[in-house]
Amino acid sequence: MRKLLLGLMAFLLFTGQLLAQKTITGKVTDDKGNPVPNASVVVKGTSTGTTTKADGSYTLTVPSNASTLVVSSIGVRDQELSIGSGSVLNFTMVSTAQDLGEVVVTVPYGTIKKTSFTGAETTVGSKQLESQNVTSVTRALDGLVPGIIATNGGGAPGTGASIRIRGIGSVNASSEPLYVLDGAVYNGSIAALSMDDIATVTVLKDAAATSLYGARAGNGVIMLTSKKGVKGRTNVTANVRQGYMSRSIPEYDRVGIKDYYELMWEGNRNALLYAPGATISMAAANQAATNTIATSLVYNPFDVADDQIIDPATGKLNPNANILYQDDWQDVLIRSGAPRRDVGISISTGTDKSDFLMSLGNVDEEGITKFSGYNRYTARLNMNTQATNWLKTGLSFDGAVARQLNVPSGGTATTNPFYYTRMMGPIYPVWQRDAEGAFVLDPTTGERVLDYGIPSQMGTRPYAGNSNLLGTLELDKRNNKIANANAATYIEIKLPAGFGFRTAFNATFYDAYQTTYQNSQFGDADNVSGRSTKATNRQLTTTFNQVLSWTKDFGANNLRVLAGHESYEFTQNVANATRTGFPFPGTDELAPAAVAEGSTSYENKHRIESYFGQANYALNDRYLASASFRRDGTSRFYKDVRWGNFYSVGAGWRISQESFMQNINWLNELKIRASYGENGNESLEGFYKWQALYDLGWNNGNAPGAVQGSLANEPLLWEKNKVTNIGADFALFNNRLQGTIEWFNRASGDLLFPFPLAPSTGFSEISRNIGSLTNKGIEVQLGYNLISKADFDWRIDVNLTHFENRLTKLPQETMPQAGNNKYRLGGSVFEYSIKEFAGVDASNGDALYYQDILGTDGKPTGERKLTNNLTQASFYYHGDAIPDLTGGVTNTFRYKNFTLSALVTFSVGGKFLDGNYLSLMHPGSYGTAWSTDILNRWQKPGDVTNIPRLQNALTTQNGTSTRYLFDGSYLNIKNINLSYNLPRSVASKIGMSNGRIFTSVDNAVLFTTRKGMDPQRSFDGSSDWSYPPYRTITVGIQVNLQ
Amino acid sequence: MKNMLYKLLSATMLILVLVGCKKDYLDTSPTDSVALETVFQTTDGGYVALNGLYRLQFTSYVDHGNFGQKSLDLTFDLMGNDMVVNLQGYGWFNTEYQYSAIQTNTAGSRSGLTWSYLYMVVNNANQIIANIDNASGAPDDRDNIKGQALATRAYAYYDLINAFQQTYKGNESKPGVPLYTEPTSEGKPRGTVQDVYTQIVADLDEAITLLTGKTRITKSHINANTAHGLRARVALTMEDWPKAATEAAAAYQGTTLMNGEEYNAADAFSSIGNSEWIWGFEVNTEQATIYASFFSHMDVATGGYASLGTQKKITKALYDQINDDDARKSGFRAPGTGTSAYPDYNQNKLRVPSPGSWAADYILMRAGEMYLIEAEALARQGGQDAAARTALETVIQARYPDYSAGSLTGAPLIDEILLQRRIELWGEGFGVLDIKRLKQPLNRPTGAGNHGAPNFNPRIYTLPVEDPQFLFRIPQPELSNNASMTDADQNP
């Protein structure tokens, strides 16, 4: 506003100074001499300005005291020239297409010029991040960074996606990358960081890039760098974004009431007909099914008597039967167009000696499921100052408070609205009905009464009796209050002879205070008058390091060396308490509740101490060599084995700097590089796994008790990675085509495996470092400025990743079947070992599966037979969940001031086991919904179909098998963003330096091989019933003031 | 001056870099666990381990169908003739009732979890037995702790051998279950049934010696009476009739039988304070496992799974054999009075003391059973029928004062004792164990009020005597990872 007023005043002054002015003319061209039309030409510090014509020329009358003209346009750098005494000023603009030599990469304990770097990394800048309207930065990276694969993270508000860098590095320990925020290992909440505050995300991939993080670097490192004030520029940026979210993956098609009743009748009838040893006639079975089907399903939504619903002769619905009521549970529990608001403001400035940035932000999103949502306030302050010519110091602080309203979205519990609404048979209403199908109204409130599926209402609903999530989720509470704060400070001292010293202290505080309240009126806790659990999880991470550095140039040689020490401490305090017996509804606090049901608290500590060093050497800025070393000691392991050494070596050759290359004009940059190194993965479950422990808290009444919790495991150690990387960076055709190609081989050894023990010894397994696997692959990143005209730009960015995951050493050649996997040498960690569906027996509708014929030695002979008993079927390998190729393509178009970008991500190959679909294809479980595919079931001898016979209570024919294994390939239009940049001249007239309005769609369209399936749900290709991902349509405006 | 400053600074930094952290910086330990050696330094610590051993037997683990001893007891009843499952409900214990859960050899099946659970009990008992002798404290406490651990080990082995093999008599040389008398990581072979019973008898006899004259701090601890009672069960199974009779009599010393009114009180079978109880687990609100608890699966008033379809009912066949004047008949819903939540024949015997609270103790042994063991053991000895009738009448008349065993002798007397045993101990975990012990076939009555539609489908109605389908399967991980066993050791 102040700017606006100033502008207005300037305008008034301008009119008052008509007498003292002069006219300047000139031409604006790009670095190739082409005219730049529509460029803004403004007198610096005023709103006086104009725009260039089609030929790039301009004429501007300026006040006589004007000293400088500023020209700006899309795709070029701003340029200033002093007015001086002449009247002609020509401008040659420099394209903003980046010159590789200027790019600086964030690396452990510092930064390095990209051209001098021997490691593998990808940096994503704020420009790429800001077009996506997501709450956690982890959701933005998929499709932008080669070498990673990511889940979609589901749709629960305030959550992020999971990322894996260069394959899956572990089987039983974590494969999660290490996150580093502004130079310190970060254990806080990533979703608590404002996207607007993030300047760059640097994904470090090979040993040369990561090994300086030693025992924690094994799965790659993601460095988050926050924005800072820029020297010589004061900026006020405000963002307002309003979005609307709806589910991006459609629900499975499920059968309606009529089909449901007929099908259930058939399943009921078949249960009589196909029971072992049954002698009942078809007619008798038909009649019996007609007589009992309504009793079995309990609810009769028709206007005919229970035994008149299905015609026993045809198995069809009585033509006189009309449906009395029909409710859609998804309509009432899942909403579309849930609002999301994201606003933020940041103020930054910088002088020669100091810089400053502060920002405030708020994200408020309502989940696409009722009763869920996320509201987060963030604040940040970054300050740096060169206090004296030898002392620099700075402080950064950021904090977030967030409130997350959750619904229980995991697993098959009937409190999970996604599972519940999907699996609920269509005949069960949300609201209680009377015999005529009319709503039953509450006599006091007059409101419709919810049906809980209990005897006192419409009967015991066979699916999830005594529950109604619309009622209970509203009364229940599952919320999480999160506080997340980071404070970091450092002192940097310049010492003589090229030495420097930097010490930094970082602290991250995270606190989650969780309430889980089950209401006192209905559902799981009504019989105990409500149950509430309060749980707090408080985490404090501190990192304190001291780094001595030395930089020396002698002749053409450049040497940079650092040595340091670091101590890291993670402290976690967990406490929770549960009480029941609430006096009246409306409170979830424990004080009024009568009965203590349980409480506990404990503390965990994890410490790492490290010594490290690194040397980077460059000769003529052309021959590059690097080496790093880190010695880590971690409290996770036994004292005799807890110290380990990690290192890397790397080399690079900037061929383009060689004199013999200087004549090749189309080649701007070519560097080849290679690195090798070892790092570790110490993040296994539990902090004290080496110790033989008795677990406390096994109290018997009022007497304290303990049981043996673990066996001593002194040899236990981190997993180890040996990483080889060969890469090339290039820039061609005047930097219009830039790219990187990398080959990597990541060999992970000493992998933890549960070494099986005889369960009769009291323990069934112990962890041992016994396995190995490799992730070998290639990744390509290309950026091409296809068209670079004054009015029109088109840039394509493509990245592709292919990797192969192979188990190379296992405790035994083939591990026992565990879940849907049976690890074997040469197979991948996500290779399916499941039973093989052999179709349906046309004579009786049995589901058939393959079974090995065993020889006299009990081993498979190689011959197979068919069985109709799934439990007897044999397991076979059926491919894996790891895609052959993943990637992302970004197209960015600019026409004048309009910019349109579209990010498409895709995955080819890789299979997905759809457990949701499996649940919807049961053979006739009373009350449970059915996929419409069930309509194609086998019905009579001779039917040729892939859907077996219906039969209630038949438990041996349906389950995990290749019947539910599908191609997991997908193509996701992940983000489309259309923005309009206000012309500078217009912007400056209203007091802004820059303005942008935009609209975007995140998760616009997902193409999969089957409707309802969510193949990006997990890395291992398994489905779950949790929160589906959402599509967000956003409109927003960004205002920059200077 | 400036040089001085630099030197000072450099020196400070070097110190910072080189010194590092304190020596014990990396030694961390948990706050919710302690080292094994710490536990067994004193008898006080020994009691901590002992209490943990008991808690292990009534806590829930893995899922809502596993809550220690009572989930196994419920399985034994569901595999018998007298307990009917109303409807599929949430599916818990459906496949136990249908026998498929015990015929599956995976680690997570009822067979697998029974195996790992009971061996967890054995291992924790073995830790106590191996370490308690060196604990400082009063010798009486050491004996008390060790005696209870020995009896607990015997109790676990008794369940193991009964689940994974046919009864003792006639099968003495058949494969047993691996026998561990001290903590080890080395797997043991199956051995024989005789080996297992020999160890059980030795453990119980030693326990009785160690526990005699000691007082227990809570009824959830095993005392001499309890050890005698366990010994009586074992003797009955081994058909050592004189021993069974004397041990049973020793077990019920000092107890008072419930009268009819007390028998039907809400807390008769859920309150450890009951004077007829010899042993039980005291489950307070905090230690109750809520939905994953015995009463969740039994009592329709808890709002647990029993009220959500899997109501447990007595067969009409057995119900009709209870005299109308017998107070025990009120333990079941009279036909014609039922509702869908609380149907005809639904059990009302085993319920929580007060609905609204999950605090409900678990019954493990009571005097009624001991009188019935005594009666059966006397009747089977021959020539002791009068004493047998007295023992029988003592317990039944407490509930049903007009009861008389008349002048029954011989086989009819034994049959009467066994009938009364089925009525008296319905739902307390003896169902299939008695069928196996008595070498009877599985014979589930059908027709209205009995097994089969409209009740939940039991899948199996009859099984011949000592059919292999009675046997739990040894979990595959045991066969694969126990060096002393192979796949050939699996039950037929």
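Remember, it's a predicted structure, so these values are computed and weren't measured experimentally.

Side note on the overall build of chain B
On a plain count of helices and strands, chain B comes out with 18 helices and seven strands. Relative to the compact-globule value of 23 Å for 492 residues, chain B shows a C-alpha radius of gyration of 26 Å, a close match. In terms of overall dimensions, chain B has C-alpha extents of about 115 × 50 × 50 Å along its principal axes. Split into buried and exposed, the 492 residues of chain B put 61% on the buried side. Contacts spanning at least 24 positions in sequence make up 70% of the contacts within chain B whose residues lie at least 6 apart. Approximately 17,000 Å² of chain B is accessible, and the part contributed by carbon and sulfur atoms is 52%.

Structural notes on helix H4 (residues 69-78) of chain B
Burial of H4 of chain B is extensive: ten of the ten residues sit out of reach of the surface. Those residues of H4 of chain B lying buried are Gln-69, Lys-70, Ser-71, Leu-72, Asp-73, Leu-74, Thr-75, Phe-76, Asp-77 and Leu-78 of chain B.

Details of the pattern of salt bridges
Note that side chains of opposite charge can pair when their charged atoms are close. Evaluated as defined, the whole model comprises 74 salt bridges over all chains. As a salt-bridge pair, Lys-1011 of chain A and Asp-253 of chain A come within 2.7 Å of each other at their nearest N and O atoms. Here Lys-1011 of chain A, found in the loop between strand S46 (994-1008) and strand S47 (1030-1041), pairs with Asp-253 of chain A, found in the loop between strand S17 (235-247) and helix H4 (257-273); they are 758 residues apart in sequence, far enough to count as distant. For Asp-253 of chain A, a relative accessible area of 38% translates into the label partly exposed. In this structure, Arg-654 of chain A and Asp-621 of chain A form a salt bridge, with 3.3 Å as the shortest nitrogen-oxygen distance. A residue pair is termed long-range when its members are at least 10 positions apart, and Arg-654 of chain A in strand S28 (residues 643-654) and Asp-621 of chain A in the loop between strand S26 (595-619) and strand S27 (623-634) qualify at 33 residues. Within the structure, one salt-bridge network assembled from shared partners comprises Glu-276, Asp-326, Arg-328, Lys-349, Arg-366, Arg-399, Glu-424 and Glu-428 of chain B.

With respect to the side chain of Asp-467 of chain B
All names here are of chain B. With respect to the helices and strands, Asp-467 occurs in the loop between strand S7 (462-463) and helix H18 (476-481). No salt bridge is formed by the buried Asp-467. Its closest oppositely charged neighbour is Arg-473, at 7.1 Å. Among the polar contacts made by the side chain of Asp-467, one reaches the main-chain amide nitrogen of Gln-469 at a distance of 2.8 Å.

Considering unusual backbone geometry
All names here are of chain B. In this structure, Pro-454 follows Ala-453 across a cis peptide bond, with omega equal to 5°. Secondary-structure assignment places Pro-454 in the loop between strand S6 (442-443) and S7. In the Ramachandran plot, Phe-93 falls in the positive-phi region, its phi being about 65° despite a non-glycine side chain. By the secondary structure assignment, Phe-93 is in the loop between strand S2 (83-85) and helix H5 (94-97). The phi dihedral of Glu-239 falls on the positive side, at around 60°, and the residue is not glycine. Within the fold, Glu-239 resides in the loop between helix H9 (224-237) and helix H10 (241-251). Exposure remark for Glu-239: the relative accessible area of 29% places this residue in the partly exposed category.

Side note on the environment of Gln-148 of chain B
Residue and element names in this part refer to chain B. Along the chain, Gln-148 turns up in helix H7 (residues 139-164). The class of Gln-148 is buried, set by a relative accessible area of 0%. It is 9.3 Å that separates the C-alpha atoms of Gln-148 and Leu-204, two residues lying 56 residues apart in sequence. Excluding residues that lie within four positions of it along the chain, Gln-148 makes contacts with Leu-50, Tyr-54, Leu-211, His-221 and Ile-222.

Some remarks on the side chain of Ser-293 of chain B
Relative to the helices and strands, Ser-293 of chain B resides in the loop between strand S3 (277-281) and helix H12 (294-298). Given the relative accessible area of 5%, Ser-293 of chain B is considered buried.

With respect to a nonpolar patch on the surface
Residue and element names in this part refer to chain A. Together, Tyr-895, Phe-898, Leu-900, Ile-976 and Leu-978 make up an exposed nonpolar region whose accessible area comes to about 420 Å². Of all elements in the fold, only strand S42 (898-908) and strand S45 (970-981) reach the threshold of two or more residues within the nonpolar patch. On the secondary structure map, Leu-900 appears in strand S42.

What to know about the interface of chain B and chain A
In this complex, chain B contributes 74 residues to the contact, which on the side of chain A involves 68 residues. Summed over both sides, the interface of chain B with chain A buries roughly 6,000 Å², with 58% coming from carbon and sulfur. Along the contact surface separating chain B from chain A lie one salt bridge. Among the ionic pairs, Arg-642 of chain A bridges to Asp-27 of chain B, the shortest N-O distance being 2.9 Å. On the surface where chain B and chain A come into contact, there are 24 residue pairs in polar contact (both at pLDDT 80 or more). Counting only elements with at least two residues in the side of chain B that touches chain A, the list comes to helix H1 (2-19), strand S1 (33-35), helix H2 (36-39), helix H3 (43-56), helix H6 (110-131) and H18 of chain B. At ten residues, H1 of chain B tops the list of elements feeding residues into the side of chain B that touches chain A. Class assignment for the residues of the side of chain B that touches chain A results in 37 nonpolar, 28 polar and nine charged. As judged from the three bridges shared by strand S30 (residues 693-696) of chain A and S1 of chain B, these two strands associate in the antiparallel manner. In the sheet register, Leu-693 of chain A faces S1 of chain B, and the bridge partner there is Ala-35 of chain B.

Remarks on the pairing of S46 of chain A
Consecutive residues of a regular strand have side chains that alternate between opposite faces of the sheet. Across eleven bridges, the pairing between S45 of chain A and S46 of chain A is antiparallel. Bridge pairing links Asn-977 of chain A to Ser-1000 of chain A in S46 of chain A.

Observations regarding the nonpolar core
General note: in soluble globular proteins, nonpolar side chains tend to be found buried as a group. One finds Tyr-99, Ile-128, Tyr-157, Val-177, Ile-200, Trp-279 and Met-370 of chain B to be the most contacted residues of the largest nonpolar core, which totals 151 residues. A per-element tally of this core places H7 of chain B first, with 13 residues. Judged by nonpolar contacts, the second largest core, of 84 residues, contains Ile-427, Ile-834, Leu-920 and Trp-1025 of chain A.

Thoughts on the sheet that holds strand S1 (residues 21-29) of chain A
Residue and element names in this part refer to chain A. Read across the sheet, three strands follow the order S4-S1-S7 without closing on themselves; strand pairing throughout is mixed. Two strands bound the open sheet, and with one partner strand each, they are strand S4 (57-63) and strand S7 (91-92). The pairing of S1 with S7 spans two bridges and is parallel. Residue Thr-29 lies in a different strand from S7, and its bridge partner there is Thr-92.

Definitions and limits used
- Residues numbered from 1 in each chain as written.
- Chains lettered and ligands numbered in written order.
- Predicted model: local features only at pLDDT ≥ 70, side-chain atom pairs only at ≥ 80, totals over all residues.
- Heavy atoms only, no water.
- Helix = DSSP H or I, 4+ residues; strand = E, 2+ residues; numbered from the N terminus.
- Rg over C-alpha atoms; globule rule 2.2 N^0.38 Å.
- Buried < 20%, exposed > 50% of the residue type's maximum accessible area, 1.4 Å probe, protein only.
- Contact = heavy atoms within 4.5 Å.
- Areas by Shrake-Rupley, 256 points an atom, 1.4 Å probe, with all protein chains shown as cover.
- Salt bridge = Lys/Arg side-chain N within 4 Å of Asp/Glu carboxyl O.
- Lys, Arg positive; Asp, Glu negative; His and termini not counted.
- Polar contact = N/O pair within 3.5 Å; in protein donor to acceptor, adjacent residues only side chain to side chain.
- Patch = residues over 30% accessible without salt bridge, like charges linked within 9 Å, V, L, I, M, F, W, Y side chains within 5 Å.
- Buried area = accessible area lost by both parts, 1.4 Å probe.
- Nonpolar A, V, L, I, M, F, W, Y, C, P; charged D, E, K, R; others polar.
- Pairing = 2+ DSSP bridges.
- Core = buried A, V, L, I, M, F, W, Y, C linked by side-chain atoms within 4.5 Å.

Keep in mind that these numbers describe shape and distance, not what the molecule does.
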